[in-house]
Amino acid sequence: MIPPASGWRRKKAGLKGSRLLLPSLGLAAVLLLMAISGLFPWERPALLAFQMTLALAGVGFLLLMLFRIQRYLLDPLAHLRHWALRMSGGNLAARIPPSGKGEFSELARDINALSDSLEMLSQDLDAQVRKQTERLAQKNRSLQILYDVAASINVSRDLNDLLARFLHTLKDMVEAKAATVRLLTEDGRMQLVASLGLSQEVREREKILSAKHCLCGSAIVEGEAVRQQSIRQCHAAMGHPCLPDTDMEMVAIPLQYRGKILGVYNLFGEKGKMTSGEDMKELLTSIGRHLGMAIEKSRLDSETRRLALMQERSRLAHELHDSLAQTLASLRFQVKMLDETLQQDGYTHVAKEVRGIKAGLEQAYRELRELLVHFRAPLDERGLVPALESMVDKFKKNTGISVFFQKACEDVNLPPDMEMQVLRIASEALTNVKKHSQAHTVRLMLRCDKEGRFQLLVEDDGIGIREAKEETEGEHIGHRIMRERARRLGGEIKVESEVGEGTRVLLSFHYPQRAKVA
């Protein structure tokens, strides 16, 4: 048995206190008096008058009963019926109008209280449903973004383009006003890859920043998305404002792979207007990890191409050594024996020609050995600039010639095969300096701009290049090889020289993919 609700009590019993009690008792009294009126010895006129009075009183009590039945029974039942129909139709705001006092009035109040509770439960349920719907929609957007990131990792050919594309996605997702993405370099600095909402002057100033700089350093240390309520600290650290509005907040999202920080996204927005919350923080951190995977994949792809190139060069070196080098070595030995035989037999004039052939073979053999050394020399995995620095150090140590290396290019983002061509041209130019220039000082400069234009300059203070008829075979072959390598780069090489004024070798080429970084 279900117990009654707390606070329930029966206030009325039967017709007691009911609006129908008075007319019911009056009507019963009239009927009783009508029944016993004949028992009294009244005269006929008086009896008729008494009975007529009773009849009128009975009619009055009957009308009063009908009125009260209509008002206090039938009308409340009609209101209850209308309430039930409206509630079943979904109108939870339906209520029964109060009807004064009585059982139906109390029932109406109880039903209205129940309707209030039901409406509040429905509104609360609707709010919970809307909240969960919004949460599910946000989760779906998050999953879609993560799916796009994962799909882009497998199909994207250009890392900088991928990072710039998702910079737009993150900016729109958190309703930011400006955004940047930076990659961590080998020397612990952050290089600007792409930006939105920053002026050209600010981009130039912030092209390279310290990894410990402001909030970015905190994101790198903590390994998760962090928020800073004001960017004034960043402005003070940089010595200049990066955005016109200083009353903004910033979110830093680290790009990481297996705990290793590879870069950072920065999002700038108005205070309190950027989308926040733990779910958004987890999403941003997850996106940073996926993009960190893309960065690592790009690095591994580059190393794979570099390794494949080194293996191919090593294979060619082995083939040259096992075929052409052995043949030249055999020819050198045979010519040497022939020279000795001719000198013993007195064929002096023939021996002179043989010595010329021998000198040519010696030169070809030396150049082949240098070529083998170049083929077997590994490419520096750190890139072109460190490889050029190593080459300059080795050249100074072997020749004693002073070399000044100028780096007018912060970011050399070239494929391994192009780096190899540039490195070989520089090597050939320095070899010519060592063999022919008699120089005391050499300047080597690597220059590039944001449009993807590259220049490599090698100039010396030597004796210059001799006339074409006096140019040795080695010099001629060296210049031809450099021009061929320049054509492979899609560029050109210019050799300028005057006797006694030194030589200037200038390589120019264009790598348009690099221009996408800005």
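Definitions and cut-offs
- Residues numbered from 1 in each chain as written.
- Predicted model: local features only at pLDDT ≥ 70, side-chain atom pairs only at ≥ 80, totals over all residues.
- Heavy atoms only, no water.
- Helix = DSSP H or I, 4+ residues; strand = E, 2+ residues; numbered from the N terminus.
- Buried < 20%, exposed > 50% of the residue type's maximum accessible area, 1.4 Å probe, protein only.
- Contact = heavy atoms within 4.5 Å.
- Phe/Tyr/Trp six-rings, centres within 6.5 Å; stacked < 30°, edge-to-face > 60°.
- Pairing = 2+ DSSP bridges.
- Axes fitted to C-alpha atoms, helices over the stretch in contact; angles between N-to-C directions.
- 1 Å grid on protein atoms, 1.4 Å probe; cavity = no way out; pocket = protein on both sides within 12 Å on 5 of 7 lines; lining within 4 Å.
- Points joined across faces, edges and corners; volume = space filled by probe spheres on them.
- Nonpolar A, V, L, I, M, F, W, Y, C, P; charged D, E, K, R; others polar.
- Parallel < 35°, antiparallel > 145°, perpendicular 65-115°, else oblique.
- Left-handed = near helix turned anticlockwise from the far one by under 90°.

### Quick notes on the environment of Val 403
Okay, step 1: When you line up the elements, Val 403 lands in strand β7 (residues 402–408).
Okay, step 2: For Val 403, a relative accessible area of 8% corresponds to the buried category.
Okay, step 3: Separated by 39 residues in the primary sequence, Val 403 and Val 442 place their C-alpha atoms 4.7 Å from one another.
Okay, step 4: Dropping the residues within four chain positions of it, Val 403 is found in contact with Val 392, Phe 395, Lys 396 and Val 442.

### Some remarks on the environment of Val 226
Okay, step 1: Looking at the secondary structure, you find Val 226 in strand β4 (residues 226–228).
Okay, step 2: Given a relative accessible area of 11%, Val 226 falls into the buried group.
Okay, step 3: Sequence separation between Val 226 and Leu 284 is 58 residues, and the spatial gap between their C-alpha atoms is 9.9 Å.

### Let's talk about the packing of aromatic side chains
Working definition: an aromatic ring pair is given by the centre-to-centre distance plus the angle between the planes.
Okay, step 1: The tally for this structure, following the rule as stated, stands at one aromatic pair.
Okay, step 2: Ring centres 5.2 Å apart and planes at 5° place the aromatic pair Phe 454 and Phe 509 in the stacked group. Remark: Phe 509 occurs in strand β11 (residues 503–510) and Phe 454 occurs in strand β9 (residues 453–460); sequence separation between them is 55 residues.
Okay, step 3: The buried category is assigned to Phe 509, whose relative accessible area is 6%.

### Digging into the pairing of β11
Okay, step 1: Pairing analysis gives seven bridges linking β9 to β11, with the strands arranged antiparallel. Paired with Leu 457 across the two strands is Leu 506, which belongs to β11.
Okay, step 2: What sits between the antiparallel neighbours strand β10 (residues 492–497) and β11 is a turn of five residues, in which Gly 500 has the positive phi angle 85°.

### Details of the sheet that holds β7
Okay, step 1: One open sheet accounts for five strands, arranged β7-β8-β9-β11-β10; its pairing is mixed. Looking at the sheet topology across the chains shown, the edges are occupied by β7 and β10. On average, each strand axis in the sheet is inclined to that of its neighbour by 10°, with strand direction left out of account.
Okay, step 2: Together, β7 and β8 (441–448) form the strand contacts of helix α10 (residues 384–399), whose direction differs from that of β7 by roughly 170°.
Okay, step 3: Sheet strands touched by helix α11 (residues 416–437): β8, β9, β10 and β11. Its angle to β9, the strand with the most contacts, is close to 15°.

### So, unusual backbone geometry
Okay, step 1: Even without being glycine, Gln 438 reaches a positive phi, approximately 55°.
Okay, step 2: When you line up the elements, Gln 438 lands in the loop between α11 and β8.
Okay, step 3: Using a relative accessible area of 61% as the deciding quantity, one classes Gln 438 as exposed.

### Describing empty space enclosed by the protein
Okay, step 1: Considering all chains together, one arrives at four cavities of 30 Å³ or more under this definition.
Okay, step 2: Computed from the structure, the largest cavity encloses a volume of approximately 160 Å³.
Okay, step 3: What lines the largest cavity is a set of 15 residues, and nearest its centre among them are Asn 432, Val 433, Asp 460, Ile 465 and Thr 503.
Okay, step 4: Within the residue set of the lining of the largest cavity, elements represented by two or more residues are α11, β9, α12 (473–488) and β11.
Okay, step 5: It is α11 that contributes the most residues to the lining of the largest cavity, five residues altogether.
Okay, step 6: Residues of the lining of the largest cavity, tallied by class, amount to seven nonpolar, six polar and two charged.

### Some remarks on the packing of α10 against α11
Each packed pair of helices is defined by two parameters, the angle between the axes and the distance between the axes.
Okay, step 1: The interhelical angle for the contact between α10 and α11, taken along N-to-C directions, is 15°, at an axis separation of 10 Å. The angle between α10 and α11 places the two elements in the roughly parallel class. Like other packed secondary-structure pairs, α10 and α11 cross with a definite hand, here right-handed. Between α10, through Leu 384, Ala 387, Leu 388, Met 391, Phe 395 and Thr 399, and α11, the contact on the second element is made entirely by Glu 419, Val 422, Leu 423, Ala 426, Ser 427, Leu 430, Val 433 and Lys 434.
Okay, step 2: Looking at the contact of α10 with α11 residue by residue, the classes come out as 10 nonpolar, two polar and two charged.

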